[in-house]
Structure formats: C-alpha cells, structure tokens
Amino acid sequence: MSTPITRQIVLDTETTGMNKLGVHYEGHNIIEIGAVEVINRRLTGRNFHVYIKPERLVDPEAFEVHGISDEFLEDCPSFADIADEFLEYIRGAELIIHNASFDIGFMDYEFRKLNRDIPPTETFCQITDSLAMARALFPGKRNNLDALCDRYLIDNSKRTLHGALLDAEILSDVYLAMTGGQTALAFSIEGESSNEQEQNDIQRIERPVSGLRIIRATAEELAEHESRLDLVEKKGGHCLWRPASNDEAV
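Summary of the structure given here. Remember, predicted model here, so these are calculated numbers, not experimental data.

### Quick word on the overall build of the chain
Here's step 1: When its secondary structure is counted, the chain shows nine helices and six strands.
Here's step 2: Burial status across the chain gives 42% buried among its 250 residues.
Here's step 3: Across the chain, every contact between residues at least 6 apart in sequence was considered, and the portion connecting residues at least 24 apart equals 67%.
Here's step 4: Of the roughly 15,100 Å² of accessible surface on the chain, a fraction of 51% belongs to carbon and sulfur atoms.

See below:
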C-alpha cells in the first residue's frame with residue numbers, strides 16, 4: 001500500500017499596514033509573501049518567496065514591524081505579475097497560517113482586484129489556523145510566534161524584524177512540534193526509529209559545531225545596517241533595534 005501524500009504550505013505575508021476599524025485589508029496591499037513546503041511532515045526546501053510593489057505607500061507603523069521601505073519595493077513586481085505562479089504553488093495544498101483570517105483576507109482581496117474571477121482561497125485550499133490550534137492547546141496563555149518558540153525551544157534569534165519567509169520557516173518548526181506530540185524537535189536516525197516515530201519526527205541534518213565558520217560583518221555591511229536603522233528611525237520616529245544612549249535611558 002502506498003502512503004497518501006500530504007502537502008502543506010506554511011505561509012506568511014507582510015503588508016503596507018492594516019485598518020484598525022472596518023475591514024482590515026481594505027485599501028492596503030501585500031508587499032511580501034513567504035511560504036515553506038512540507039510534504040508528509042518533511043521540509044522539502046521548495047519554498048516560495050517574493051517582494052511585491054504595492055499600489056500605495058507603506059504605513060510608518062507597518063514599516064517599524066517589518067522594515068520594508070517604499071524605496072526597496074520600487075523595482076519589485078506587482079501582485080498581478082506573480083499571481084499565476086503563486087496560485088500554482090498553493091493550489092490544492094493545506095495552508096498553515098498563524099492568524100489565518102488576516103493573511104487570507106489580504107490574499108483574497110488581492111485576487112479580487114485582478115478581475116479574473118478567482119474564487120476564494122478556501123475553495124481550492126484547506127486552511128488551518130495555527131493560532132487557533134495554539135489557543136486550544138494553551139488557553140489563557142500568550143500564543144504569538146515568539147511565545148510558541150519559547151515554549152517549544154525553537155531558535156528565533158534571527159527574528160529582529162518580521163519577515164514573511166523567516167516567519168514561515170519558524171512557523172513550520174512550531175507547527176510540526178505542536179502537532180507531533182513532542183516538546184523538542186527530534187532527529188531521526190535511519191534504521192533506529194519505528195514507522196510511527198518517523199511520521200512525527202522532524203528531519204534535520206546535524207552538523208558539528210567545530211565545522212561551522214564564523215563570518216563577521218564587514219565595515220560596509222555594518223554601515224548598510226546602520227543606514228537601514230536610520231531609515232527606520234526617520235520613518236517611525238524611533239528605532240526599537242538601536243540601543244538608547246545614556247541620556248535617553250529612563
């Protein structure tokens with residue numbers, strides 16, 4: 001007997017902002033899509049990642065969250081340019097999304113604006129909200145992505161800013177841990193685990209620490225980093241990722 005293939009796409013988006021009153025996506029646009037493919041609980045490496053030029057400017061509040069500037073997006077493709085490739089990638093899959101109503105609302109809004117009679121995403125994809133799952137597992141507790149990383153001992157140290165692909169990669173680890181009956185990611189060794197264990201374990205390649213090279217930022221890269229922080233501070237009035245001076249500290 002062959003095992004049915006389960007294809008899941010762990011997905012996240014970044015946007016120009018959102019409305020606090022009324023429909024959250026109205027008048028805003030998706031500016032980044034990041035998605036990670038999981039087949040039979042294995043990360044395939046076949047990911048989807050794109051930045052998108054919106055039809056409007058990025059809100060300062062949103063820029064503080066993801067750091068994606070209007071200038072950066074100027075030469076990126078439009079949503080219409082990437083829609084067919086994106087639809088082909090997600091069609092028929094189960095979409096795993098943290099707070100799915102937010103991202104699906106934006107996706108369906110973008111599809112409707114194309115005037116191509118594209119049906120709602122829920123008609124050609126199964127949608128699973130990992131936030132709703134986490135709230136059922138941990139009622140009354142914080143269940144954002146950072147809190148779940150702490151709970152499942154998943155490294156999120158690179159998440160200084162929100163980014164669609166990075167957040168999708170982190171969420172894939174969180175989701176597999178959350179649905180695998182385990183509190184830490186296990187490495188399966190060929191020939192040493194049962195079929196049941198193999199279905200629940202997340203496959204990773206262990207590399208010895210001694211074999212890793214430390215690559216330090218160059219002076220040019222440090223200067224570019226400071227330039228990006230200057231832009232964050234200019235657009236948002238302050239920068240959460242730049243330590244306050246002694247004069248500013250409370």
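Picking up where we left off.
### Here we look at the pattern of salt bridges
Here's step 1: If you walk through the whole model with that rule in mind, you get seven salt bridges.
Here's step 2: Here Glu37 makes a salt bridge to Arg7, at a shortest N to O gap of 2.6 Å. Of the two residues, Glu37 is situated in strand E2 (residues 30-39) and Arg7 in strand E1 (residues 7-15); the sequence distance between them amounts to 30 residues.
Here's step 3: For Glu37, a relative accessible area of 5% corresponds to the buried category.
Here's step 4: A salt bridge links Arg56 to Asp59; the nearest nitrogen and oxygen atoms lie 2.4 Å apart.
Here's step 5: When its relative accessible area of 29% is taken as the criterion, Arg56 is described as partly exposed.

### Comments concerning the nonpolar core
Considering soluble globular proteins, one finds that nonpolar side chains tend to be buried as a cluster.
Here's step 1: Of all hydrophobic cores here, the largest spans 30 residues; its most connected members are Ile33, Phe79, Phe86, Ile90 and Met107.
Here's step 2: Within the residue set of this core, elements represented by two or more residues are E1, E2, strand E4 (48-51), helix H3 (79-90), strand E5 (94-97) and helix H4 (100-113).
Here's step 3: The residues touching Met107, leaving out its near neighbours within four places in the chain, are Leu11, Ile30, Phe86, Ile90, Leu95 and Thr121.
Here's step 4: Grouped together as the second largest cluster of nonpolar side chains are 20 residues, Ile96, Cys149, Leu171 and Tyr175 included.

Here is what the cut-offs are and how they apply
- Residues numbered from 1 in each chain as written.
- Predicted model: local features only at pLDDT ≥ 70, side-chain atom pairs only at ≥ 80, totals over all residues.
- Heavy atoms only, no water.
- Helix = DSSP H or I, 4+ residues; strand = E, 2+ residues; numbered from the N terminus.
- Buried < 20%, exposed > 50% of the residue type's maximum accessible area, 1.4 Å probe, protein only.
- Contact = heavy atoms within 4.5 Å.
- Areas by Shrake-Rupley, 256 points an atom, 1.4 Å probe, with all protein chains shown as cover.
- Salt bridge = Lys/Arg side-chain N within 4 Å of Asp/Glu carboxyl O.
- Core = buried A, V, L, I, M, F, W, Y, C linked by side-chain atoms within 4.5 Å.

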